[in-house]
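Examination of the molecular architecture
The chain contents come next:
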Amino acid sequence: MSATATTTQTQVHSSNAQHILRLFPQINTQLAAHARSDTEEQDHDLDGYDEEQIRLMDEVCIVLDDDDVPIGSASKKTCHLMENIDKGLLHRAFSVFLFDSKNRLLLQQRASEKITFPGAFSPPRKHGRVAN
């Protein structure tokens, strides 16, 4: 005799993740889906920026809890607003470190025309925390 089992997987969030999701209702908890566009409406805070820079604000970022566990997605604009960063909104990010033969680190300065962190040097960071 054979038995067939059906397993249903339920998405369980830590209490920290639940707190983040309450603070940021614009987070889409379906990672495969596209984040709601925050720039579809006319954003006066983006007035004067290049069309391509504005379009890039719609890119989707993976939102994380404090344990680096993905809990949803949100637009790049939502993830890079200082008010959201200050409240603890984290997203997946990466850095590339290039060293020359003398073990010197190459730093890149962001263009002054960038919407996010204009003129900043690329640091080894995950927003809100310094990486190890």
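For clarity, every value in this text was computed on a predicted model and none was experimentally measured.

Cut-offs and rules
- What you see as residue numbers is a count from 1 along each chain, following the sequence as written.
- At least 70 in pLDDT is required for a residue's local features to be given in this predicted model, at least 80 for side-chain atom pairs to be given and counted, and no such filter applies to totals for whole chains, interfaces and linings, which use all residues.
- The side-chain numbers reported here are obtained from all heavy atoms of the structure, hydrogens and water having been left aside.
- Pairing between strands requires that DSSP locate at least two bridges from one strand to the other.
- In DSSP terms, a helix is any run of H or I states spanning at least four residues, a strand is any run of E spanning at least two, and both are numbered starting from the N terminus.
- Confidence scores here are pLDDT values: one per residue, from the predictor, ranging 0 to 100.
- Contact criterion: two residues are considered in contact whenever any of their non-hydrogen atoms come within 4.5 Å of each other.
- Three labels apply to residues, based on accessible area from a 1.4 Å probe with only protein chains included: buried if under 20% of the type maximum, exposed if over 50%, partly exposed otherwise in between.
- As used here, the arc is the angular range of directions from the helix axis to the C-beta atoms.
- Only a pair of cysteine sulfur atoms within 2.5 Å qualifies as a disulfide here.
- In this description, a nonpolar core means a group of buried Ala, Val, Leu, Ile, Met, Phe, Trp, Tyr and Cys residues linked to one another through side-chain atoms lying within 4.5 Å.

1. Some words on the sheet that holds strand β3 (residues 90–91)
The strand order across the open sheet formed by three strands is β2-β1-β3, and the pairing between neighbours is antiparallel. Edge positions in the sheet fall to β2 (70–75) and β3, since each of these pairs with one other strand and no more. The pairing of strand β1 (residues 60–64) with β2 spans five bridges and is classified as antiparallel. Paired with V60 across the bridge in β2 is S75.

2. Re the confidence of the model for the protein chain
Mean pLDDT over the protein chain stands at 76; residues scoring 70 or higher make up 72%. Mean pLDDT across the secondary structure elements of the protein chain bottoms out at strand β4 (residues 125–126), with 44, and peaks at β3, with 94. Between residues 1–10, whose pLDDT stays under 50, and residues either more than four places distant or in other chains, the model counts zero contacts. pLDDT under 50 marks residues 32–41. Its contacts with residues more than four places away, or in other chains, come to 22 contacts.

3. Quick word on unusual backbone geometry
One non-glycine residue, D68, lies in positive phi territory at about 65°. Looking at the element boundaries, D68 is found in the loop between β1 and β2. Here F117, not a glycine, exhibits a phi torsion of approximately 50°, which is positive. Structurally, the position occupied by F117 is in the loop between β3 and β4. Here F117 falls in the partly exposed class, since its relative accessible area comes to 30%.

4. With respect to helix α1 (residues 15–23)
Listed as buried for α1 are A17, I20 and L21. Around the axis of α1, the buried residues are gathered within 100° of arc, so they sit on the same side. Relative to its buried face, α1 has exposed residues pointing more than 90 degrees away, namely S15 and R22. The inward-facing, buried residues of α1 abut β1 and β2.

5. Considerations on the pairing of β1
Between β1 and β2, which pair antiparallel in sequence order, lie five residues; one of them, D68, sits at a positive phi of approximately 65°. Bridge analysis of β1 against β3 gives two bridges, and the strand direction is antiparallel. For V63, the partnering residue across the bridge sits in β3 and is H91.

6. Quick notes on the state of the cysteines
The full count for this structure, using the stated rule, is zero disulfides. C79 provides the cysteine sulfur closest to C61, a residue in no disulfide bond, and the two sulfurs are 4.3 Å apart. Among the residues examined, C79 registers a relative accessible area of 0% and is labelled buried.

7. Regarding the nonpolar core
Ranked by size, the top nonpolar core spans 11 residues in total: A17, I20, L21, F24, I27, C61, V63, I71, A74, C79 and L89. Where this core is concerned, the elements lending two or more residues are α1, β1 and β2. At three residues, the largest contribution of residues to this core is made by α1.

8. Some words on the environment of A74
Topologically, A74 is positioned in strand β2. Taking the C-alpha atoms as reference points, A74 and H91, separated by 17 residues in sequence, lie 8.7 Å from one another.

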